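Analysis of the macromolecular model
Here is how the chains run, residue by residue.
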Amino acid sequence: MPQQIDIAAQLDVLIKLQGLDTQIYALRREKEKKPQELAAFEAEFKEKDAGLKKAEADFTVLQLKRKEKEGALSGKEEQVKKLQSQLSQLKTNKEYSAMQHEINAHKADKSLIEDEILTLMDDIDKAKIKIEKEKELLSQEEVKLNQQQKLVKAQLEEIEKKLQQLEIGRQVITPQVDPSTLKKYEKILRSKNGLAIVGIGSNACQGCNMNLPPQVINQVHLKKEFIICESCTRFLYTNEPAE
Ligand SMILES: [Zn+2]
């Protein structure tokens, strides 16, 4: 360590720098969490969107079934008409009765199909109502998602603004730190989640809570050299006068 470095003054500057870096790391963590705040809203929106698509698909299936049944119904009607027109050409009672029987069977089928169509029409009405309801739910969810997106965007802009200000503050302070000390500080900062210099309250490192030997505490008070916590490698610092 070069003689001309004033350790006490350097430690004071590092403490100031740590004050800014603590804020910077907190803001970065906040920033990283922001996409999660949107995820729940996006998932809800997707779910409602899927709900609407399902309702629309169900409606289409019912419409197709109805068309199919209507086709079958007109087929039956044709058959009844055709057989009825043939009735007059029959010669025996037996033939007549057989055909009448056949006609009645077709009429009975027709009646069943008509009932099925009525049930389908009822289901189609319900499906239409369901679609409207799903559309309403989706649009409510869209409003919520948009609001949340706007909120998060504004919060991110605010965070960016604060980060820029803090970076400017850093640029003012860092030239006051001896370059090799700054390099060391920044290395610890990166590896120790944004905390590079800590106090020694209650005779323990406030970074890792390990008890410090009296000799180390004494050295921290003397401020003749930089003292590093043996356990977590952070710079140790105290503002209290030595006992
Ligand atoms: Zn420690």
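Here, every reference points to the structure presented above.
So, here is what we can say about the structure in this document. This one's a predicted model, so the numbers in the text were calculated from it and none came from an experiment. (Residues numbered from 1 in each chain as written. Predicted model: local features only at pLDDT ≥ 70, side-chain atom pairs only at ≥ 80, totals over all residues.)

1. Let's talk about the overall build of the protein
Selection rule: Where helices and strands are cited, they refer to DSSP runs of H or I of at least four residues and of E of at least two residues respectively, numbered from the N terminus. Computation of the radius of gyration draws on C-alpha atoms, with the globule rule given as 2.2 Å multiplied by the number of residues to the power 0.38. Put plainly, a residue is buried at 20 or more neighbouring C-beta atoms within 10 Å of its own, exposed at 12 or fewer, and partly exposed in between, counting only other residues' C-beta atoms, which are placed from the backbone.
Helices and strands together make up the secondary structure of the protein, namely 4 helices and 2 strands. Beginning at the N terminus, the succession of helices and strands in the protein can be written as α-α-α-β-α-β. In terms of C-alpha radius of gyration, the protein reaches 41 Å, well past the compact-globule figure of 18 Å for 243 residues. When its C-alpha atoms are laid out on the principal axes, the protein stretches across 135 × 35 × 25 Å. Taking all 243 residues of the protein together, the buried fraction comes to 11%.

2. Things to note about the environment of Ile-5
Relative to the elements of secondary structure, Ile-5 occurs in the segment before helix H1 (7–87). Separated by 172 residues in the primary sequence, Ile-5 and Val-177 have C-alpha atoms spaced 9.5 Å apart.

3. Considerations on the nonpolar core
A general tendency of soluble globular proteins is for nonpolar side chains to be buried together. Definition in use: To form a nonpolar core, buried Ala, Val, Leu, Ile, Met, Phe, Trp, Tyr and Cys residues must be joined through C-beta atoms within 7 Å. Placing C-beta atoms from the backbone, we regard two residues as in contact once those atoms come within 7 Å.
Membership of the largest hydrophobic core comes to 19 residues, with the highest contact counts inside it found for Leu-14, Ile-197, Cys-205, Phe-235, Leu-236 and Tyr-237. The set of elements that each furnish at least two residues to this core consists of H1, helix H3 (179–191), strand E1 (197–198) and strand E2 (235–236). Beyond its immediate stretch of four places on either side in the chain, Leu-14 contacts Val-177, Tyr-185, Ile-197 and Phe-235.

4. Section: the packing of H1 against helix H2 (residues 93–173)
As a reminder of what qualifies: Simply put, an axis is a line fit to the C-alpha atoms, just over the touching stretch for a helix, and the angle between two N-to-C directions goes from 0 to 180 degrees. Here is the rule for angles: anything less than 35 degrees is roughly parallel, anything more than 145 is roughly antiparallel, 65 through 115 is roughly perpendicular, and the remaining ranges are oblique. Whether a crossing is left-handed or right-handed is set by the direction in which the near helix is turned from the far one by less than a right angle, anticlockwise for left-handed and clockwise for right-handed. Each residue is assigned to one class: nonpolar for Ala, Val, Leu, Ile, Met, Phe, Trp, Tyr, Cys and Pro, charged for Asp, Glu, Lys and Arg, and polar for all the others, Gly among them.
Axis separation between H1 and H2 bottoms out at 5 Å; the angle between their running directions is 165 degrees. Between H1 and H2, the angle is such that the two are roughly antiparallel. The way H1 lies across H2 gives a crossing that is left-handed. Tallied by class, residues from the contact of H1 with H2 come to 36 nonpolar, 11 polar and 33 charged.

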